[in-house]
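Given next are the chains, with one letter for each unit.
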Amino acid sequence: RGIKPQFTDGERVFLSVPVPQGENDRRQLISTKPDGSDERVHYSSDNATEMAVSPDGKWLAFAERFNVYVTPFVPTGREITVGPGSNSVPVKKVTAEAGENLRWSGDSTALHWSLGPELFTCRVAEPDGICQ
């Protein structure tokens, strides 16, 4: 039911799900077991176009209104709404101008994104996700 599958520990498959809401779509990040059972909604955003979970499952990057943000991935068992002004979890903007095509390094220490023909990378530092 979702798109852009992502894998972390092999226990769950993460998917992005557009949820129709009037003229715009909300975006949810859900996960299921590999067989499609046990669906859980983790995050949602009214304006995100992409969501990417780090391979170690510690971070969530999302693109919203042309900027890229990082937040800790917190498996609370309930849906968390994220955005630039989110109060439920700490959110850090990592782009200076804009970005899209979010990808994590295999060891989860770096987030990559592009802006036109340029590729950008930031090292994500614990505990707050500030890029170094």
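Scroll up for the structure.
Residues numbered from 1 in each chain as written. Predicted model: local features only at pLDDT ≥ 70, side-chain atom pairs only at ≥ 80, totals over all residues. Heavy atoms only, no water.

Asker: Sorry, what's going on with the layout of surface pockets here?
Answerer: Over the atoms rolls a probe the size of a water molecule, and its path tells where empty space is left. What the largest pocket holds in volume is close to 240 Å³. Elements that contribute at least two residues to the lining of the largest pocket include exactly β1 (3-7), β5 (48-53) and β10 (100-104). (1 Å grid on protein atoms, 1.4 Å probe; cavity = no way out; pocket = protein on both sides within 12 Å on 5 of 7 lines; lining within 4 Å. Points joined across faces, edges and corners; volume = space filled by probe spheres on them. Helix = DSSP H or I, 4+ residues; strand = E, 2+ residues; numbered from the N terminus.)

Asker: Just to check I follow, could you spell out the packing of aromatic side chains for this structure?
Answerer: The geometry of an aromatic ring pair comes down to the distance between the two centres and the angle between the two planes. Counted under the stated rule, the structure contains four aromatic pairs. On the basis of an interplanar angle of 90° and a centroid distance of 5.6 Å, the ring pair of Phe14 and Phe73 is categorised as edge-to-face. Separated by 59 residues along the polypeptide, Phe14 in strand β2 (residues 13-21) and Phe73 in the loop between β7 (67-72) and β8 (80-81) bring together distant segments of the chain. For the pair Phe14 and Phe73, a shared accessibility class is recorded, and that class is buried. With a centroid separation of 5.5 Å and 50° between ring planes, the pair formed by Tyr43 and Phe73 is classed as tilted. Linking Tyr43 in strand β4 (residues 40-45) with Phe73 in the loop between β7 and β8, this pair joins segments that are 30 residues apart in sequence. The pair formed by Tyr43 and Phe73 is uniform in burial state, with each residue classed as buried. Put simply, the rings of Phe14, Tyr43 and Phe73 touch in pairs and so form one group of aromatic residues. (Phe/Tyr/Trp six-rings, centres within 6.5 Å; stacked < 30°, edge-to-face > 60°. Buried < 20%, exposed > 50% of the residue type's maximum accessible area, 1.4 Å probe, protein only.)

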